[in-house]
Amino acid sequence: AGSGKMHYLPYYLPCPEIFSMKLQYTEEKLIQLFPQFFYQQPRVLEPKRQDVLTVTPWLAPIVWEGTFDPEMLDSVYRPLNLTIGVTAFAVGKYTRFVRGFLESAEKHFMRGYQVNYYIFTDSPESIPQVRLQPGRRLATVPMQKYPRWQEISLRRMEAINRHVAAVSHREVQYLFCLDIDMVFHNAWGPETLGDMVAAIHPDFFNVSREKFPYERRSSSAAFIPEGEGDFYYGGAVFGGLVKKVYEFTRTCHMTILADKANGIMAAWQEESHLNRHFLSHKPTKLLSPEYIWEDRIPKPPEIRLIRLSTLKKNYKEVRD
Amino acid sequence: RWDVLVLTPWLAPIVWEGTFSRDILNAQYVQKNLVTGVVTFAVEKYWFFIHGFMRSANKYFLAGHQVNFYLFTDSPEKISHLQMAPENNLFVIPVQNHSRWQDISTSRMDVISTYIHSQFQYEVDYLYSIDIDVQLLAHIGVEIIDALVGTITAHPENKAYETRPESRAAVPEGEGDFYYTASFYGGSVSEVYKLTRACSKGIMEDRERGIEARWHDESHLNKYLLYHKPTRLLSPEYYWDTEL
(Lines give C-alpha, C1' and ligand atoms only; values in the text may rest on other atoms or scores of the structure.)
Protein backbone atom coordinates (compact mmCIF):
# COMPACT_ATOMS: atom_id res chain seq x y z
CA ALA A 1 0.00 0.00 0.00
CA GLY A 2 1.11 3.56 -0.59
CA SER A 3 2.20 5.68 2.33
CA GLY A 4 4.92 8.09 3.25
CA LYS A 5 7.31 9.57 0.77
CA MET A 6 6.89 7.98 -2.63
CA HIS A 7 9.40 8.24 -5.42
CA TYR A 8 7.27 8.72 -8.44
CA LEU A 9 7.89 9.82 -11.94
CA PRO A 10 7.31 13.55 -12.30
CA TYR A 11 3.77 14.25 -13.33
CA TYR A 12 3.04 15.57 -16.74
CA LEU A 13 0.19 17.62 -18.07
CA PRO A 14 -2.94 15.70 -19.06
CA CYS A 15 -2.72 14.69 -22.68
CA PRO A 16 -4.99 17.06 -24.57
CA GLU A 17 -5.55 14.50 -27.28
CA ILE A 18 -7.23 12.16 -24.83
CA PHE A 19 -9.77 14.84 -23.99
CA SER A 20 -10.75 15.96 -27.40
CA MET A 21 -10.88 12.71 -29.33
CA LYS A 22 -14.15 12.08 -31.06
CA LEU A 23 -14.14 8.43 -31.94
CA GLN A 24 -16.21 6.76 -34.62
CA TYR A 25 -17.33 3.60 -32.95
CA THR A 26 -18.60 0.60 -34.87
CA GLU A 27 -22.39 0.61 -35.00
CA GLU A 28 -23.91 -0.53 -31.76
CA LYS A 29 -25.43 -3.96 -32.16
CA LEU A 30 -28.70 -4.23 -30.32
CA ILE A 31 -30.52 -7.43 -29.59
CA GLN A 32 -33.14 -7.88 -32.28
CA LEU A 33 -35.02 -10.97 -31.38
CA PHE A 34 -35.02 -13.87 -28.96
CA PRO A 35 -35.43 -16.84 -31.27
CA GLN A 36 -37.98 -19.53 -30.56
CA PHE A 37 -36.57 -21.69 -27.89
CA PHE A 38 -37.64 -24.38 -25.48
CA TYR A 39 -36.58 -24.00 -21.88
CA GLN A 40 -37.91 -24.36 -18.40
CA GLN A 41 -40.44 -21.67 -17.54
CA PRO A 42 -39.13 -19.13 -15.03
CA ARG A 43 -41.28 -19.05 -11.90
CA VAL A 44 -42.05 -15.84 -10.07
CA LEU A 45 -42.07 -17.50 -6.66
CA GLU A 46 -38.99 -19.63 -7.24
CA PRO A 47 -35.82 -17.57 -6.90
CA LYS A 48 -32.77 -19.23 -8.40
CA ARG A 49 -30.28 -18.14 -5.78
CA GLN A 50 -31.42 -17.55 -2.24
CA ASP A 51 -27.95 -17.39 -0.75
CA VAL A 52 -26.57 -14.36 -2.58
CA LEU A 53 -27.63 -10.92 -3.78
CA THR A 54 -28.44 -11.06 -7.49
CA VAL A 55 -29.61 -7.49 -8.11
CA THR A 56 -27.97 -4.29 -6.87
CA PRO A 57 -29.99 -1.45 -5.27
CA TRP A 58 -29.76 0.36 -8.61
CA LEU A 59 -31.25 -2.67 -10.35
CA ALA A 60 -28.11 -3.90 -12.07
CA PRO A 61 -27.88 -7.70 -12.29
CA ILE A 62 -25.15 -9.52 -10.36
CA VAL A 63 -24.17 -12.52 -12.42
CA TRP A 64 -23.92 -15.78 -10.48
CA GLU A 65 -24.15 -19.38 -11.65
CA GLY A 66 -27.82 -20.30 -11.76
CA THR A 67 -29.16 -16.82 -12.40
CA PHE A 68 -28.98 -16.98 -16.18
CA ASP A 69 -29.65 -19.36 -19.03
CA PRO A 70 -26.43 -19.58 -21.07
CA GLU A 71 -28.07 -21.10 -24.14
CA MET A 72 -30.78 -18.46 -24.26
CA LEU A 73 -28.20 -15.70 -24.10
CA ASP A 74 -26.03 -17.35 -26.73
CA SER A 75 -29.04 -17.64 -29.04
CA VAL A 76 -29.52 -13.90 -28.76
CA TYR A 77 -25.94 -12.67 -28.90
CA ARG A 78 -24.39 -15.00 -31.46
CA PRO A 79 -26.42 -13.62 -34.40
CA LEU A 80 -25.13 -10.13 -33.64
CA ASN A 81 -21.71 -11.03 -35.02
CA LEU A 82 -19.89 -9.29 -32.21
CA THR A 83 -16.19 -8.95 -31.74
CA ILE A 84 -15.09 -8.95 -28.12
CA GLY A 85 -11.76 -7.37 -27.22
CA VAL A 86 -9.57 -8.41 -24.30
CA THR A 87 -6.66 -6.36 -22.97
CA ALA A 88 -4.01 -7.86 -20.73
CA PHE A 89 -0.65 -6.51 -19.63
CA ALA A 90 2.38 -8.82 -19.81
CA VAL A 91 5.29 -6.61 -18.86
CA GLY A 92 8.67 -7.81 -17.57
CA LYS A 93 8.42 -11.27 -16.02
CA TYR A 94 4.64 -11.32 -16.45
CA THR A 95 5.11 -12.63 -19.99
CA ARG A 96 5.42 -16.08 -18.43
CA PHE A 97 1.66 -16.05 -17.79
CA VAL A 98 0.60 -15.42 -21.36
CA ARG A 99 0.46 -19.01 -22.54
CA GLY A 100 -1.68 -20.18 -19.62
CA PHE A 101 -4.00 -17.21 -20.03
CA LEU A 102 -4.47 -17.62 -23.77
CA GLU A 103 -4.79 -21.39 -23.85
CA SER A 104 -7.43 -21.34 -21.13
CA ALA A 105 -9.20 -18.40 -22.77
CA GLU A 106 -9.42 -20.37 -25.99
CA LYS A 107 -11.21 -23.11 -24.08
CA HIS A 108 -13.55 -20.98 -21.97
CA PHE A 109 -13.74 -17.31 -22.95
CA MET A 110 -16.61 -16.35 -25.26
CA ARG A 111 -16.57 -19.61 -27.17
CA GLY A 112 -18.06 -19.23 -30.58
CA TYR A 113 -17.51 -15.48 -30.73
CA GLN A 114 -14.89 -13.40 -32.50
CA VAL A 115 -12.25 -12.31 -30.02
CA ASN A 116 -9.31 -9.93 -30.33
CA TYR A 117 -6.63 -10.36 -27.71
CA TYR A 118 -4.55 -7.23 -27.17
CA ILE A 119 -1.44 -8.12 -25.17
CA PHE A 120 0.39 -5.04 -23.94
CA THR A 121 4.05 -5.92 -23.51
CA ASP A 122 7.58 -4.55 -23.46
CA SER A 123 8.91 -7.69 -25.13
CA PRO A 124 6.70 -8.87 -28.00
CA GLU A 125 9.26 -11.52 -28.87
CA SER A 126 8.56 -13.33 -25.59
CA ILE A 127 4.87 -13.66 -26.36
CA PRO A 128 4.36 -17.33 -27.23
CA GLN A 129 2.60 -18.42 -30.39
CA VAL A 130 -0.62 -19.94 -29.11
CA ARG A 131 -2.97 -21.69 -31.53
CA LEU A 132 -6.22 -19.73 -31.70
CA GLN A 133 -9.69 -20.85 -32.83
CA PRO A 134 -10.97 -19.39 -36.11
CA GLY A 135 -12.30 -15.86 -35.78
CA ARG A 136 -9.90 -15.08 -32.96
CA ARG A 137 -6.74 -13.08 -33.27
CA LEU A 138 -3.92 -11.73 -31.17
CA ALA A 139 -2.12 -8.40 -31.42
CA THR A 140 0.76 -7.21 -29.27
CA VAL A 141 0.78 -3.58 -28.16
CA PRO A 142 4.05 -1.93 -27.14
CA MET A 143 4.08 -1.01 -23.47
CA GLN A 144 6.87 0.66 -21.58
CA LYS A 145 8.34 -1.15 -18.59
CA TYR A 146 8.64 1.22 -15.66
CA PRO A 147 11.11 0.53 -12.86
CA ARG A 148 8.34 0.20 -10.28
CA TRP A 149 5.49 -2.30 -10.63
CA GLN A 150 3.06 0.19 -9.11
CA GLU A 151 3.78 2.54 -11.98
CA ILE A 152 3.12 -0.17 -14.54
CA SER A 153 -0.17 -0.89 -12.80
CA LEU A 154 -1.19 2.77 -12.66
CA ARG A 155 -0.38 3.32 -16.33
CA ARG A 156 -2.76 0.60 -17.48
CA MET A 157 -5.67 3.01 -17.62
CA GLU A 158 -3.81 5.41 -19.87
CA ALA A 159 -2.52 2.62 -22.09
CA ILE A 160 -5.96 1.07 -22.55
CA ASN A 161 -7.47 4.47 -23.24
CA ARG A 162 -4.89 5.36 -25.88
CA HIS A 163 -5.27 1.96 -27.50
CA VAL A 164 -9.05 2.29 -27.68
CA ALA A 165 -8.62 5.63 -29.40
CA ALA A 166 -5.96 4.32 -31.79
CA VAL A 167 -7.20 0.84 -32.59
CA SER A 168 -9.84 -1.07 -30.69
CA HIS A 169 -12.76 1.33 -31.05
CA ARG A 170 -12.88 0.33 -34.67
CA GLU A 171 -12.43 -3.37 -34.11
CA VAL A 172 -14.61 -4.41 -31.19
CA GLN A 173 -18.01 -3.62 -29.68
CA TYR A 174 -17.19 -4.83 -26.19
CA LEU A 175 -13.86 -4.70 -24.37
CA PHE A 176 -12.73 -6.57 -21.26
CA CYS A 177 -9.63 -5.55 -19.34
CA LEU A 178 -8.17 -8.49 -17.48
CA ASP A 179 -5.04 -9.30 -15.55
CA ILE A 180 -2.66 -11.66 -17.33
CA ASP A 181 -1.67 -13.78 -14.33
CA MET A 182 -5.04 -15.52 -14.40
CA VAL A 183 -6.40 -18.74 -15.86
CA PHE A 184 -9.91 -19.55 -17.09
CA HIS A 185 -11.43 -22.67 -15.55
CA ASN A 186 -15.07 -22.50 -16.64
CA ALA A 187 -17.27 -20.79 -19.20
CA TRP A 188 -17.23 -17.02 -19.53
CA GLY A 189 -19.97 -16.06 -21.96
CA PRO A 190 -22.32 -13.30 -23.13
CA GLU A 191 -23.91 -13.12 -19.67
CA THR A 192 -20.98 -10.83 -18.94
CA LEU A 193 -21.80 -8.31 -21.66
CA GLY A 194 -23.15 -4.94 -20.59
CA ASP A 195 -22.65 -1.21 -20.92
CA MET A 196 -20.26 -0.95 -17.96
CA VAL A 197 -19.25 -4.11 -16.13
CA ALA A 198 -17.34 -4.46 -12.88
CA ALA A 199 -16.46 -7.53 -10.81
CA ILE A 200 -16.77 -8.02 -7.06
CA HIS A 201 -13.39 -8.65 -5.44
CA PRO A 202 -13.20 -12.19 -3.98
CA ASP A 203 -11.66 -11.06 -0.68
CA PHE A 204 -14.43 -8.58 0.07
CA PHE A 205 -17.74 -9.96 -1.13
CA ASN A 206 -18.80 -10.96 2.37
CA VAL A 207 -17.41 -7.98 4.20
CA SER A 208 -18.98 -4.72 5.40
CA ARG A 209 -17.99 -1.48 3.74
CA GLU A 210 -15.91 -0.15 6.66
CA LYS A 211 -13.44 -2.93 5.94
CA PHE A 212 -13.17 -2.20 2.21
CA PRO A 213 -9.60 -1.12 1.40
CA TYR A 214 -10.75 2.08 -0.24
CA GLU A 215 -8.31 4.98 -0.32
CA ARG A 216 -9.08 6.80 2.96
CA ARG A 217 -6.85 9.86 2.68
CA SER A 218 -8.92 12.85 1.66
CA SER A 219 -6.01 14.33 -0.27
CA SER A 220 -6.33 11.59 -2.87
CA ALA A 221 -8.70 11.85 -5.83
CA ALA A 222 -9.66 8.25 -5.11
CA PHE A 223 -10.85 9.10 -1.60
CA ILE A 224 -14.00 7.37 -0.37
CA PRO A 225 -15.16 8.45 3.09
CA GLU A 226 -16.26 6.05 5.83
CA GLY A 227 -19.89 5.11 5.52
CA GLU A 228 -19.91 5.17 1.73
CA GLY A 229 -19.45 2.40 -0.78
CA ASP A 230 -21.53 -0.26 -2.49
CA PHE A 231 -19.07 -3.07 -3.20
CA TYR A 232 -15.31 -3.47 -3.44
CA TYR A 233 -14.56 -4.05 -7.10
CA GLY A 234 -11.40 -5.78 -8.29
CA GLY A 235 -9.02 -4.07 -10.68
CA ALA A 236 -8.27 -7.36 -12.41
CA VAL A 237 -11.58 -7.47 -14.29
CA PHE A 238 -13.65 -4.70 -15.81
CA GLY A 239 -15.19 -4.03 -19.18
CA GLY A 240 -18.20 -3.04 -21.22
CA LEU A 241 -19.09 -1.23 -24.39
CA VAL A 242 -15.88 0.05 -25.87
CA LYS A 243 -17.22 3.61 -25.65
CA LYS A 244 -17.88 3.25 -21.94
CA VAL A 245 -14.47 1.68 -21.30
CA TYR A 246 -12.91 4.59 -23.15
CA GLU A 247 -14.66 7.14 -20.94
CA PHE A 248 -14.01 5.17 -17.80
CA THR A 249 -10.27 4.70 -18.40
CA ARG A 250 -9.93 8.37 -19.25
CA THR A 251 -11.55 9.43 -15.98
CA CYS A 252 -9.40 7.03 -13.97
CA HIS A 253 -6.27 8.23 -15.71
CA MET A 254 -7.18 11.84 -14.91
CA THR A 255 -7.67 11.10 -11.24
CA ILE A 256 -4.40 9.15 -11.20
CA LEU A 257 -2.63 12.16 -12.67
CA ALA A 258 -4.27 14.45 -10.12
CA ASP A 259 -2.81 12.26 -7.38
CA LYS A 260 0.63 12.36 -8.98
CA ALA A 261 0.47 16.13 -8.99
CA ASN A 262 -0.22 16.00 -5.28
CA GLY A 263 2.55 13.50 -4.55
CA ILE A 264 0.23 10.73 -3.45
CA MET A 265 -0.32 7.19 -4.66
CA ALA A 266 -3.61 5.50 -3.85
CA ALA A 267 -3.62 2.47 -1.54
CA TRP A 268 -4.24 -0.08 -4.30
CA GLN A 269 -3.12 1.89 -7.31
CA GLU A 270 -5.62 2.04 -10.14
CA GLU A 271 -7.97 -0.31 -8.27
CA SER A 272 -8.62 2.49 -5.78
CA HIS A 273 -9.42 4.90 -8.59
CA LEU A 274 -11.65 2.29 -10.24
CA ASN A 275 -13.60 1.93 -7.01
CA ARG A 276 -13.96 5.68 -6.66
CA HIS A 277 -15.30 5.94 -10.18
CA PHE A 278 -17.76 3.08 -9.82
CA LEU A 279 -19.17 4.59 -6.64
CA SER A 280 -20.24 7.74 -8.48
CA HIS A 281 -20.98 6.08 -11.82
CA LYS A 282 -22.52 2.79 -10.97
CA PRO A 283 -21.83 -0.18 -13.23
CA THR A 284 -24.77 -1.49 -15.22
CA LYS A 285 -23.82 -5.09 -14.54
CA LEU A 286 -21.75 -6.77 -11.83
CA LEU A 287 -19.90 -10.05 -12.09
CA SER A 288 -19.81 -12.21 -8.98
CA PRO A 289 -16.41 -13.32 -7.61
CA GLU A 290 -16.78 -16.43 -9.82
CA TYR A 291 -15.36 -14.19 -12.54
CA ILE A 292 -12.43 -12.81 -10.54
CA TRP A 293 -11.33 -15.50 -8.12
CA GLU A 294 -7.88 -16.09 -6.61
CA ASP A 295 -6.31 -19.53 -6.26
CA ARG A 296 -5.05 -18.76 -2.75
CA ILE A 297 -8.63 -18.31 -1.40
CA PRO A 298 -10.42 -21.50 -0.28
CA LYS A 299 -13.71 -21.89 -2.16
CA PRO A 300 -16.82 -21.10 -0.06
CA PRO A 301 -20.23 -22.71 -0.81
CA GLU A 302 -21.61 -19.55 -2.45
CA ILE A 303 -19.05 -19.90 -5.22
CA ARG A 304 -20.40 -22.80 -7.24
CA LEU A 305 -18.17 -22.30 -10.21
CA ILE A 306 -14.80 -20.59 -10.59
CA ARG A 307 -14.50 -19.16 -14.07
CA LEU A 308 -11.36 -17.01 -13.91
CA SER A 309 -8.76 -17.17 -11.16
CA THR A 310 -5.47 -15.49 -10.33
CA LEU A 311 -2.54 -17.85 -9.98
CA LYS A 312 -0.72 -18.18 -6.70
CA LYS A 313 2.67 -16.65 -7.10
CA ASN A 314 5.67 -15.19 -5.37
CA TYR A 315 4.87 -11.51 -5.82
CA LYS A 316 8.30 -10.29 -4.80
CA GLU A 317 10.01 -12.46 -7.35
CA VAL A 318 7.77 -11.76 -10.30
CA ARG A 319 7.56 -8.02 -9.72
CA ASP A 320 11.33 -7.78 -9.63
CA ARG B 1 -36.07 -10.25 -1.20
CA TRP B 2 -35.29 -13.94 -0.86
CA ASP B 3 -38.82 -15.22 -1.45
CA VAL B 4 -39.25 -14.22 -5.06
CA LEU B 5 -37.44 -14.28 -8.39
CA VAL B 6 -35.62 -10.95 -8.81
CA LEU B 7 -33.71 -11.70 -12.01
CA THR B 8 -34.97 -13.39 -15.18
CA PRO B 9 -32.89 -16.05 -16.98
CA TRP B 10 -31.93 -13.34 -19.47
CA LEU B 11 -30.67 -11.17 -16.60
CA ALA B 12 -33.44 -8.58 -16.60
CA PRO B 13 -34.26 -7.40 -13.06
CA ILE B 14 -37.76 -7.99 -11.70
CA VAL B 15 -38.69 -4.97 -9.60
CA TRP B 16 -40.08 -5.77 -6.18
CA GLU B 17 -40.33 -3.57 -3.12
CA GLY B 18 -37.11 -4.02 -1.20
CA THR B 19 -34.88 -4.72 -4.19
CA PHE B 20 -33.98 -1.15 -5.05
CA SER B 21 -33.02 2.22 -3.62
CA ARG B 22 -35.19 4.95 -5.09
CA ASP B 23 -32.67 7.57 -3.95
CA ILE B 24 -29.87 6.11 -6.05
CA LEU B 25 -32.19 5.67 -9.02
CA ASN B 26 -33.56 9.20 -8.71
CA ALA B 27 -30.04 10.62 -8.73
CA GLN B 28 -29.24 8.68 -11.90
CA TYR B 29 -32.50 9.73 -13.59
CA VAL B 30 -32.07 13.41 -12.78
CA GLN B 31 -28.50 13.36 -14.08
CA LYS B 32 -29.74 12.26 -17.48
CA ASN B 33 -32.41 14.97 -17.72
CA LEU B 34 -35.15 12.61 -18.83
CA VAL B 35 -38.81 13.20 -19.53
CA THR B 36 -41.37 10.43 -19.22
CA GLY B 37 -44.82 10.28 -20.78
CA VAL B 38 -47.95 8.38 -19.83
CA VAL B 39 -50.51 7.46 -22.44
CA THR B 40 -54.04 6.56 -21.36
CA PHE B 41 -57.47 6.18 -22.94
CA ALA B 42 -60.83 7.30 -21.55
CA VAL B 43 -63.40 6.38 -24.16
CA GLU B 44 -67.18 6.10 -23.69
CA LYS B 45 -68.10 5.40 -20.07
CA TYR B 46 -64.45 5.36 -19.04
CA TRP B 47 -64.45 9.18 -18.82
CA PHE B 48 -65.71 8.50 -15.31
CA PHE B 49 -62.25 7.30 -14.25
CA ILE B 50 -60.34 10.34 -15.47
CA HIS B 51 -60.36 12.36 -12.27
CA GLY B 52 -59.45 9.46 -9.98
CA PHE B 53 -56.65 8.40 -12.27
CA MET B 54 -55.19 11.88 -12.75
CA ARG B 55 -55.41 12.68 -9.05
CA SER B 56 -53.56 9.54 -7.99
CA ALA B 57 -51.11 9.66 -10.88
CA ASN B 58 -50.19 13.26 -10.13
CA LYS B 59 -49.51 12.29 -6.57
CA TYR B 60 -47.78 8.96 -7.03
CA PHE B 61 -46.43 8.53 -10.55
CA LEU B 62 -42.79 9.63 -10.80
CA ALA B 63 -43.51 12.29 -8.19
CA GLY B 64 -41.05 15.17 -8.42
CA HIS B 65 -40.12 14.47 -12.04
CA GLN B 66 -41.66 15.92 -15.18
CA VAL B 67 -44.39 13.68 -16.57
CA ASN B 68 -46.39 14.38 -19.73
CA PHE B 69 -49.85 12.83 -19.55
CA TYR B 70 -51.43 12.14 -22.92
CA LEU B 71 -55.13 11.53 -22.40
CA PHE B 72 -57.05 10.19 -25.37
CA THR B 73 -60.79 10.69 -24.93
CA ASP B 74 -63.97 10.95 -26.94
CA SER B 75 -65.55 13.21 -24.38
CA PRO B 76 -63.08 16.04 -23.75
CA GLU B 77 -65.99 18.26 -22.66
CA LYS B 78 -66.61 16.02 -19.65
CA ILE B 79 -63.21 16.84 -18.18
CA SER B 80 -63.54 19.57 -15.61
CA HIS B 81 -60.49 21.39 -14.30
CA LEU B 82 -57.78 18.93 -13.31
CA GLN B 83 -55.22 19.94 -10.73
CA MET B 84 -51.83 19.02 -12.17
CA ALA B 85 -48.58 18.92 -10.23
CA PRO B 86 -46.43 21.90 -11.27
CA GLU B 87 -43.85 19.76 -13.05
CA ASN B 88 -46.43 17.75 -15.02
CA ASN B 89 -48.25 18.46 -18.27
CA LEU B 90 -51.61 17.22 -19.51
CA PHE B 91 -52.44 16.90 -23.19
CA VAL B 92 -56.05 16.02 -23.97
CA ILE B 93 -56.34 14.38 -27.39
CA PRO B 94 -59.85 13.83 -28.78
CA VAL B 95 -60.58 10.47 -30.44
CA GLN B 96 -63.53 8.75 -32.04
CA ASN B 97 -65.40 6.09 -30.17
CA HIS B 98 -66.16 2.59 -31.44
CA SER B 99 -69.16 0.39 -30.99
CA ARG B 100 -67.35 -2.55 -29.37
CA TRP B 101 -65.08 -2.15 -26.38
CA GLN B 102 -62.71 -4.68 -27.86
CA ASP B 103 -62.22 -2.40 -30.80
CA ILE B 104 -61.39 0.45 -28.48
CA SER B 105 -58.87 -1.75 -26.77
CA THR B 106 -57.24 -3.06 -29.89
CA SER B 107 -56.92 0.20 -31.74
CA ARG B 108 -55.00 1.67 -28.84
CA MET B 109 -51.84 0.09 -30.22
CA ASP B 110 -52.37 1.78 -33.53
CA VAL B 111 -53.10 5.16 -31.95
CA ILE B 112 -50.04 4.98 -29.71
CA SER B 113 -47.66 4.07 -32.52
CA THR B 114 -49.05 6.79 -34.77
CA TYR B 115 -48.72 9.46 -32.11
CA ILE B 116 -45.22 8.33 -31.11
CA HIS B 117 -44.19 8.80 -34.69
CA SER B 118 -45.82 12.20 -35.14
CA GLN B 119 -45.46 13.73 -31.71
CA PHE B 120 -44.34 11.80 -28.63
CA GLN B 121 -40.85 10.96 -29.85
CA TYR B 122 -40.06 14.67 -29.81
CA GLU B 123 -41.47 15.27 -26.36
CA VAL B 124 -40.51 12.34 -24.14
CA ASP B 125 -37.70 9.82 -23.73
CA TYR B 126 -39.76 7.12 -22.07
CA LEU B 127 -43.43 6.30 -22.52
CA TYR B 128 -45.81 4.14 -20.51
CA SER B 129 -49.28 2.97 -21.39
CA ILE B 130 -51.52 2.70 -18.32
CA ASP B 131 -55.19 1.78 -18.14
CA ILE B 132 -57.39 4.67 -17.01
CA ASP B 133 -59.40 2.59 -14.56
CA VAL B 134 -56.56 2.20 -12.09
CA GLN B 135 -55.82 4.16 -8.99
CA LEU B 136 -52.24 4.33 -7.83
CA LEU B 137 -52.08 3.61 -4.15
CA ALA B 138 -48.37 4.07 -3.55
CA HIS B 139 -45.41 5.68 -5.21
CA ILE B 140 -44.31 4.38 -8.53
CA GLY B 141 -40.95 5.87 -9.28
CA VAL B 142 -38.00 5.76 -11.64
CA GLU B 143 -37.40 2.11 -10.89
CA ILE B 144 -39.75 1.50 -13.83
CA ILE B 145 -37.54 3.35 -16.31
CA ASP B 146 -35.75 1.06 -18.75
CA ALA B 147 -35.70 0.23 -22.47
CA LEU B 148 -38.58 -2.26 -22.58
CA VAL B 149 -40.71 -2.88 -19.51
CA GLY B 150 -43.53 -5.35 -18.90
CA THR B 151 -45.57 -5.95 -15.77
CA ILE B 152 -46.16 -9.54 -14.77
CA THR B 153 -49.10 -11.23 -13.11
CA ALA B 154 -48.40 -13.77 -10.38
CA HIS B 155 -51.56 -15.81 -10.69
CA PRO B 156 -52.86 -15.59 -14.22
CA GLU B 157 -55.71 -18.02 -13.52
CA ASN B 158 -58.06 -16.04 -15.69
CA LYS B 159 -55.58 -15.29 -18.38
CA ALA B 160 -53.72 -17.39 -20.92
CA TYR B 161 -51.83 -17.02 -24.15
CA GLU B 162 -53.65 -17.23 -27.43
CA THR B 163 -53.13 -20.78 -28.72
CA ARG B 164 -54.99 -20.88 -32.05
CA PRO B 165 -52.29 -20.89 -34.71
CA GLU B 166 -54.45 -18.81 -37.06
CA SER B 167 -53.97 -15.79 -34.82
CA ARG B 168 -50.84 -13.67 -35.05
CA ALA B 169 -50.80 -13.62 -31.27
CA ALA B 170 -50.45 -17.39 -31.01
CA VAL B 171 -47.82 -18.73 -28.62
CA PRO B 172 -46.88 -22.36 -29.32
CA GLU B 173 -47.46 -24.99 -26.67
CA GLY B 174 -44.60 -25.23 -24.19
CA GLU B 175 -43.33 -21.71 -24.74
CA GLY B 176 -43.69 -18.64 -22.61
CA ASP B 177 -42.01 -16.84 -19.73
CA PHE B 178 -44.57 -14.80 -17.83
CA TYR B 179 -48.03 -13.39 -18.47
CA TYR B 180 -47.76 -9.64 -18.94
CA THR B 181 -50.64 -7.26 -18.39
CA ALA B 182 -51.64 -4.73 -21.02
CA SER B 183 -52.70 -2.39 -18.20
CA PHE B 184 -49.15 -1.20 -17.64
CA TYR B 185 -46.24 -1.49 -20.04
CA GLY B 186 -43.74 0.85 -21.60
CA GLY B 187 -40.12 1.75 -22.11
CA SER B 188 -38.07 3.96 -24.32
CA VAL B 189 -40.01 5.72 -27.00
CA SER B 190 -38.29 3.72 -29.75
CA GLU B 191 -38.95 0.36 -28.10
CA VAL B 192 -42.60 1.20 -27.40
CA TYR B 193 -42.94 2.28 -31.00
CA LYS B 194 -41.65 -1.08 -32.22
CA LEU B 195 -43.92 -2.92 -29.81
CA THR B 196 -47.09 -1.02 -30.66
CA ARG B 197 -46.36 -1.24 -34.39
CA ALA B 198 -45.86 -4.98 -34.22
CA CYS B 199 -48.97 -5.52 -32.11
CA SER B 200 -51.22 -3.29 -34.22
CA LYS B 201 -49.97 -5.09 -37.33
CA GLY B 202 -50.83 -8.45 -35.75
CA ILE B 203 -54.22 -7.15 -34.68
CA MET B 204 -54.97 -5.88 -38.18
CA GLU B 205 -53.91 -9.13 -39.81
CA ASP B 206 -56.12 -11.08 -37.40
CA ARG B 207 -59.03 -8.79 -38.19
CA GLU B 208 -58.58 -9.36 -41.92
CA ARG B 209 -58.86 -13.09 -41.31
CA GLY B 210 -61.89 -12.71 -39.07
CA ILE B 211 -60.18 -13.77 -35.87
CA GLU B 212 -59.98 -11.99 -32.54
CA ALA B 213 -57.25 -12.93 -30.04
CA ARG B 214 -58.46 -14.29 -26.73
CA TRP B 215 -57.38 -11.33 -24.64
CA HIS B 216 -57.28 -8.82 -27.47
CA ASP B 217 -54.30 -6.46 -27.45
CA GLU B 218 -52.94 -8.19 -24.36
CA SER B 219 -52.50 -11.44 -26.30
CA HIS B 220 -50.50 -9.62 -28.93
CA LEU B 221 -48.45 -7.88 -26.25
CA ASN B 222 -47.57 -11.22 -24.70
CA LYS B 223 -46.52 -12.68 -28.02
CA TYR B 224 -44.29 -9.68 -28.66
CA LEU B 225 -42.66 -9.76 -25.22
CA LEU B 226 -41.91 -13.46 -25.55
CA TYR B 227 -39.68 -12.92 -28.55
CA HIS B 228 -38.54 -9.41 -27.62
CA LYS B 229 -37.88 -9.96 -23.96
CA PRO B 230 -38.28 -6.99 -21.65
CA THR B 231 -35.11 -5.45 -20.25
CA ARG B 232 -36.88 -4.92 -16.94
CA LEU B 233 -39.95 -6.51 -15.42
CA LEU B 234 -42.30 -5.01 -12.87
CA SER B 235 -43.51 -7.47 -10.28
CA PRO B 236 -47.20 -8.10 -9.61
CA GLU B 237 -46.90 -5.36 -6.96
CA TYR B 238 -47.20 -2.95 -9.90
CA TYR B 239 -50.25 -4.58 -11.38
CA TRP B 240 -53.69 -3.46 -10.30
CA ASP B 241 -56.55 -5.83 -10.79
CA THR B 242 -59.01 -3.71 -12.72
CA GLU B 243 -61.83 -6.02 -11.68
CA LEU B 244 -61.69 -4.57 -8.17
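Residues numbered from 1 in each chain as written. Chains lettered and ligands numbered in written order. Predicted model: local features only at pLDDT ≥ 70, side-chain atom pairs only at ≥ 80, totals over all residues. Heavy atoms only, no water.

- Chain B appears in an unreviewed UniProt entry as BGAT1 transferase from Pardalotus punctatus.
- Under the heading Sequence similarities (unreviewed entry), UniProt records this for chain B: "Belongs to the glycosyltransferase 6 family."
- Its UniProt record, at the heading Subcellular location (unreviewed entry), says of chain B: "Membrane". (UniProt positions renumbered as here; feature names shortened; annotations may be inferred.)

- Looking up chain A in an unreviewed UniProt entry gives the name GBGT1 acetylgalactosaminyltransferase, with the organism given as Pardalotus punctatus.
- Taken verbatim from the UniProt record of chain A, the Subcellular location (unreviewed entry) comment is "Membrane".

1. Focus on the side chain of Asn88(B)
Residue and element names in this part refer to chain B.
- Here Asn 88 shows up in the loop between strand 3 (67-73) and strand 4 (89-94).
- What makes Asn 88 buried here is its relative accessible area of 6%.
- A polar side-chain atom of Asn 88 sits 3.0 Å from the main-chain amide nitrogen of Val 67.
- Sequence-distant contacts of Asn 88, defined by excluding residues within four places in its chain, comprise Asn 58, His 65, Gln 66, Val 67 and Phe 69. (Helix = DSSP H or I, 4+ residues; strand = E, 2+ residues; numbered from the N terminus. Buried < 20%, exposed > 50% of the residue type's maximum accessible area, 1.4 Å probe, protein only. Polar contact = N/O pair within 3.5 Å; in protein donor to acceptor, adjacent residues only side chain to side chain. Contact = heavy atoms within 4.5 Å.)

2. Here we look at the packing of aromatic side chains
- Taken as a whole and assessed by the stated rule, the structure comprises 34 aromatic pairs over all chains.
- Plain terms: the ring middles of Phe248(A) and Phe278(A) are 4.7 Å apart, the flat faces sit at 5 degrees to each other, and that makes the pair stacked. Placement of Phe248(A) in helix 6 (residues 242-261) and of Phe278(A) in helix 7 (residues 270-280) is noted, with a sequence separation of 30 residues between them. Assigned by exposure class, Phe248(A) and Phe278(A) land together as buried.
- With a centroid separation of 6.4 Å and 70 degrees between ring planes, the pair formed by Phe72(B) and Phe120(B) is classed as edge-to-face. Of the two residues, Phe72(B) sits in strand 3 while Phe120(B) sits in the loop between helix 3 (101-118) and strand 5 (126-130), which places them 48 residues apart along the sequence. Neither Phe72(B) nor Phe120(B) differs from the other in exposure class; each is buried.
- Linked through ring pairs, Trp58(A), Phe231(A), Tyr233(A), Phe238(A), Phe248(A) and Phe278(A) together constitute an aromatic cluster. (Phe/Tyr/Trp six-rings, centres within 6.5 Å; stacked < 30°, edge-to-face > 60°.)

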